[in-house]
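Commentary on secondary and tertiary structure
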Amino acid sequence: MSDSFYEEPSAPGQTGWRAWLLTTDHKRIALLYLWVVLFWFLAGAAFGLTARTQLMAHGQHLLTAKAYNAVFTLHGVIMVFLFIIPGIPVILGNFLLPLQIGARDVFFPRLNLLTWYLYVAGGLLAIGSLFAKGAPDTGWTFYVPFSLSTQTGVTFTVFAVFVLGLSSMLTGLNFITTVHRLRAPGMGWLQLPLFTWSVYATAWVQLLATPIIAVTLLLIIVERVFGVGLFDPARGGDPLMYQHLFWMYSHPAVYIMILPGMGIISEIFPVFSRKSIFGYKAIVAATMGIAIIGSLVWAHHMFVSGMSDVAVLLFSFLTFLVAVPSAVKVFNWVSTMYRGSIVMSPPLLLALWFVFLFTIGGLSGLVQGAAGPNVHIHDTYWVVAHFHFVMFGGTGFAFLAGLHFWWPKLFGRMYDFKKAYLGSALLAAGFLLHYFPQFILGLQGMPRRYYTYLPELRPLNFAAGIGAYIMVAGLLLLVANLLLSLRRRRDAPGNPWDATTLEWQTSSPPPRENFLAEPRPPAYPYDFRRGG
Amino acid sequence: MENVIRQVDAAFIYIIAFSMALLLAVTAAMVYFLFRYRRDRNPEAADIRGNALLELAWTLIPTFIALSMFYFGWQSYLGLREVPRGALEVEAIAMKFSWVFKYPNGKRSEKLMVVPQGRPVKVNLSSLDVIHSFYVPAYRVKMDALKGLKTYAWFLPARTGTHKILCAEYCGSGHADMMADLRVVTPEEYEAWVGAK
């Protein structure tokens, strides 16, 4: 067994921190991302927990209204732009996409490093916005004219998101090119593992949709700094135009967030069922279908905005169509287990939770897509519950499942299973106690972004707060358990789960150029007949 | 309006009922497979890679169900948009962080809207500053109030009583406190109130 990429830096001759900060190795860049993204994830969780603690009692006690507005804005901006949009692609995508297609690196290795610096710069700008003129208080949506008139440092925040968008676009460009140009000989499109397919579909959305928000955010800065009337009705601008432009990116961004997570789940079910994924081509088609139709549903965020009823009709219709490919995926995942030979493991447990929670999240979205019921629940806690079920119950659980699945590949070390099971159970139980009451609060008419509420809503808000603490305890246990494994000996085998995709053909952790021998792509990526 | 509320709630219940059934089916299948096909009961997995007929079925059937949900949702939405004739028109002006209501005879009232029982009310919305949203959970109505764009909502106050009007579009530090009372009174009480200086 030769040295891994940890022993052989990618810029030859570099040592110490230079071997990391100047690296062009996709695996080292993935790890650079891992630590920074993990930092932001925990920071975002801390802000979320603070907000929920405020809501455990009625009235102003822990936070003033102003402070609460800053806290939920920071929670949203961090979780959306610094964790969940980049998260899975830049960490697991970066590390695994080249391995899964039998490549030595991504197509543009130096561009890859640049995206990390842009990402870090975006994060620093977001921190800077706290000290500019007071923490931003617009919510992550930066709606005009509020965002134009607020005195807080929102110009900085908006610029931070612009820089993060640039990073995201370049990552998308890099992954698309890599999949087109660097597949190993013998790896056709229908031999691609489903995780690679999902990151590929995501990359297109990143590349095509991100420029819209980048330009829109620049327009906000232009209007704030130079007073040009673009969106502010007092200056002759159009606030609905802003909402259209914002959601034209931010709704496809929802699919940037969920598609890579779905890709992870599509890898985990076959491996632990010892059986081929059910309906490989259907899942590929559903993945591309979601990416395409998902780009045409943005105005379902705007049913009560004042846009025309014809637009409501059209976008409600398209929204129901986009639900179908997600349902198809769920059916295929569950059918993969049928007549399998299932072995339980922490990644599988997290994947099972994913299916349960994501299904609830997706189905609750149907209510929102329906024009009449949407009017009642729009901007209430129903919506908050819905998107946390999808984004956290979905993408968040998939991210954790993926980390547990590929951790031995990333670090060559296996973690403790018992703590992982306990952490997952706490996380899921806390999650349900935390978010389920929010559906009811929404139906009772509690709007979101309220620092307090009508007194009769206290019991459910209090219960949700308890759930939040249990959930965060589970999360910390899972992360700590993974980190503790790094103190162990590096003794995980190349293929600890007996998986079939290419990344498992090489050692754990992989050597600098990924494969010592020329990788041999299987004719079908999920053929488990060979035994094992 | 009773009718409109019923329609909106019926669309909601229709969607929820299907969703619950589907969630139950998916979860039950998942848990059953997990135990029935675990390694020690089923050491050899079958080599099944898919089934075109099943794929077709679980693409088409959900599509039809989803389209029926779309239809009921749209029908109930129309009810919320079509104002009956003879509605009482009230201007609601939103501002940071209050609501002012203007009546046809020029009467103004802040943070209190009084309407007569049994007559449809059309609320014409506008804003003096940022975007707000007029929300009455009891009547399932919500509509954004903007500067420079006229929007409206309507409801039928069928029974007397008091409801909350909330702001549903985030508008700053007073957002959660931007409430008003909606008092539904008998037509006589309304006339007395609206006529008083």
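Residues numbered from 1 in each chain as written. Chains lettered and ligands numbered in written order. Predicted model: local features only at pLDDT ≥ 70, side-chain atom pairs only at ≥ 80, totals over all residues. Heavy atoms only, no water.

**Digging into the pattern of salt bridges**
All names here are of chain A. In total, this model carries 15 salt bridges over all chains according to the counting rule given. Across the salt bridge formed by D25 and K27, the nearest N and O atoms sit 3.1 Å from each other. For D25, a relative accessible area of 0% puts it in the buried group. For K27, a relative accessible area of 0% gives the class buried. The salt bridge partner of R235 is D232, with a shortest N-O separation of 3.9 Å. (Salt bridge = Lys/Arg side-chain N within 4 Å of Asp/Glu carboxyl O. Buried < 20%, exposed > 50% of the residue type's maximum accessible area, 1.4 Å probe, protein only.)

**Some thoughts on the packing of helix α15 (residues 417-443) of chain A against helix α16 (residues 458-485) of chain A**
Residue and element names in this part refer to chain A. Put simply, α15 and α16 touch, their axes get as near as 7 Å, and they point 155° apart. Considered as vectors, α15 and α16 are oriented roughly antiparallel to each other. Pair α15 / α16 crosses with left-handed handedness. (Axes fitted to C-alpha atoms, helices over the stretch in contact; angles between N-to-C directions. Helix = DSSP H or I, 4+ residues; strand = E, 2+ residues; numbered from the N terminus. Parallel < 35°, antiparallel > 145°, perpendicular 65-115°, else oblique. Left-handed = near helix turned anticlockwise from the far one by under 90°.)

**Thoughts on the interface of chain A and chain B**
Chain A puts 85 residues into the contact, and the matching count from chain B is 71 residues. Counting the surface lost from both chain A and chain B, the interface buries some 6600 Å², and carbon and sulfur atoms represent 71% of this. Our count for the chain A to chain B interface comes out at 3 salt bridges. Measuring nitrogen to oxygen at the nearest pair gives 3.3 Å for the salt bridge that ties R81(B) to D309(A). Taken together, the links from chain A to chain B amount to 23 residue pairs in polar contact (both at pLDDT 80 or more). (Contact = heavy atoms within 4.5 Å. Buried area = accessible area lost by both parts, 1.4 Å probe. Polar contact = N/O pair within 3.5 Å; in protein donor to acceptor, adjacent residues only side chain to side chain.)

**Details of the environment of F83(A)**
All names here are of chain A. Here F83 is to be found in helix α3 (residues 65-84). A residue is classified by how much of its surface remains accessible, and F83, at 5% relative accessible area, is buried. Spatially, the C-alpha atoms of F83 and M257 are 9.4 Å apart, while their sequence positions differ by 174 residues. Look past the residues within four positions of F83 in its chain and what remains in contact with it is V37, F41, I78 and F399.

**Brief notes about the packing of helix α9 (residues 239-273) of chain A against helix α11 (residues 309-337) of chain A**
Residues and elements named next belong to chain A. For the pair α9 and α11, the least separation of the axes is 8 Å and the interaxial angle reads 15°. Considering their axes alone, α9 and α11 lie roughly parallel with respect to each other. Classified by chirality, the crossing of α11 by α9 is left-handed. Counted together, Y255, L259, M262, I265, S266, F269, P270 and S273 of α9 and V322, S326, K329, W333, T336 and M337 of α11 form the full contact between these two elements. Taken together, the residues of the contact of α9 with α11 sort by class into 9 nonpolar, 4 polar and 1 charged. (Nonpolar A, V, L, I, M, F, W, Y, C, P; charged D, E, K, R; others polar.)

**A few points about helix α4 (residues 87-100) of chain A**
All names here are of chain A. The end-to-end C-alpha separation of α4 is 18 Å, in line with the 20 Å expected for 14 residues at 1.5 Å each. Where α4 bends most, at G93, the angle is about 55°. Of all 14 residues in α4, 14 are buried; the element is thus mostly enclosed. Once α4 ends, the next one or two residues include G102, with phi positive near 75°. (Expected span 1.5 Å × (residues − 1). Bend = angle between axes of the 7 residues up to and from the residue.)

**Observations concerning a nonpolar patch on the surface**
On the surface, F107(A), F108(A) and L173(A) cluster together into a nonpolar patch covering about 210 Å² of accessible area. Looking at the element boundaries, L173(A) is found in helix α7 (residues 154-181). (Patch = residues over 30% accessible without salt bridge, like charges linked within 9 Å, V, L, I, M, F, W, Y side chains within 5 Å. Areas by Shrake-Rupley, 256 points an atom, 1.4 Å probe, with all protein chains shown as cover.)

**Focus on the domain arrangement of chain B**
Residue and element names in this part refer to chain B. Assigned domains of chain B: these are domain 1 (2-81) and domain 2 (88-195). Look at where the C-alpha atoms of domain 1 and domain 2 centre, and you get two points 39 Å apart. Taken together, the contact pairs 8 residues of domain 1 with 10 residues of domain 2. With both chains or domains summed, domain 1 and domain 2 bury close to 800 Å², and 49% of this area falls on carbon and sulfur atoms. When the shortest N-O distance is used, the salt bridge between D9 and R140 registers 2.9 Å. Applying the counting criterion to the domain 1 and domain 2 interface returns 4 residue pairs in polar contact (both at pLDDT 80 or more). For the side of domain 1 that touches domain 2, the elements supplying multiple residues, two or more each, are α1 (2-36) and α2 (52-81). For the side of domain 1 that touches domain 2, the element with the highest residue contribution is α1, accounting for 5 residues. For the side of domain 1 that touches domain 2, the class distribution of residues is 4 nonpolar, 1 polar and 3 charged. (Domains from an automatic or database assignment.)

**Here we look at the pairing of strand β2 (residues 98-102) of chain B**
All names here are of chain B. Among the 5 residues that make up β2, 4 are buried, leaving the element largely enclosed by the rest of the structure. Remark: 2 residues form the turn of the hairpin made by strand β1 (residues 88-95) and β2, two consecutive strands paired antiparallel. Here 3 bridges tie β2 to strand β3 (residues 108-110), and the two strands are oriented antiparallel to one another. Note on β3: the bridge partner recorded for F101 is S109. (Pairing = 2+ DSSP bridges.)

**A few points about the sheet that holds β2(B)**
Residues and elements named next belong to chain B. Reading across from one edge, β3-β2-β1-β5-β8 is the order of the 5 strands in this open sheet, with mixed pairing throughout. Edge positions in the open sheet fall to β3 and β8 (151-155), since each of these has one partner strand only. Within this sheet the neighbouring strands show an average axis-to-axis angle of 25°, counted without direction. Where β1 meets β2, 5 bridges bridge the pair, whose relative direction is antiparallel. If you follow A92 over to β2, its bridge partner there is F101.

**With respect to the pairing of strand β6 (residues 132-136) of chain B**
All names here are of chain B. Across the 5 residues that make up β6, a large majority, 5, are buried. By the alternation rule, side chains of β6 split into H132, F134 and V136 and S133 and Y135, which are all buried. Bridging between β6 and strand β7 (residues 141-145) involves 5 bridges; their strand directions are antiparallel. Within β7, the residue paired with S133 across the bridge is D144. The loop that links β6 with its antiparallel partner β7 comprises 4 residues; one of these, R140, has a positive phi angle of about 60°.

**Some words on α2(B)**
End to end, α2(B) covers 43 Å across 30 residues, agreeing with the expected 44 Å (1.5 Å per residue, within 8%). The backbone nitrogen of L53(B) lies 3.0 Å from a side-chain oxygen of the residue at the head of α2(B), namely N51(B).

**Overview of the environment of T157(A)**
Residues and elements named next belong to chain A. Among the structural elements, T157 can be located in helix α7. Expressed as a C-alpha distance, the spacing of T157 and L130, which sit 27 residues apart in the sequence, is 8.5 Å. Setting aside its immediate chain neighbours within four residues, T157 contacts V77, S129, P136 and F142.

**Quick look at the sheet that holds β7(B)**
All names here are of chain B. Read from one edge of the open sheet, 5 strands run β4-β10-β9-β6-β7, paired in mixed fashion. Each edge of the sheet is formed by a strand with only one pairing partner; in this case those strands are β4 (112-116) and β7. Each strand axis lies, on average, 20° off the axis of its neighbour in the sheet, ignoring direction. Helix α3 (residues 187-195) contacts β4 and β10 (180-185) of the sheet and is inclined by roughly 135° relative to β4.

**Structural notes on the packing of aromatic side chains**
Residue and element names in this part refer to chain A. Within the structure shown, the criterion is met by 69 aromatic pairs over all chains. Residues W353 and F356 carry aromatic rings whose centres are separated by 6.1 Å and whose planes lie at 70° to one another, so their mutual orientation is edge-to-face. One end of the pair is W353 and the other is F356, both in helix α12 (residues 346-369) and 3 residues apart, which spans about a single turn. Classification of W353 as partly exposed rests on a relative accessible area of 25%. Aromatic rings pair up to connect F195, F272, F405, W406, Y415, F417, Y421, W497 and W504 into one cluster. (Phe/Tyr/Trp six-rings, centres within 6.5 Å; stacked < 30°, edge-to-face > 60°.)

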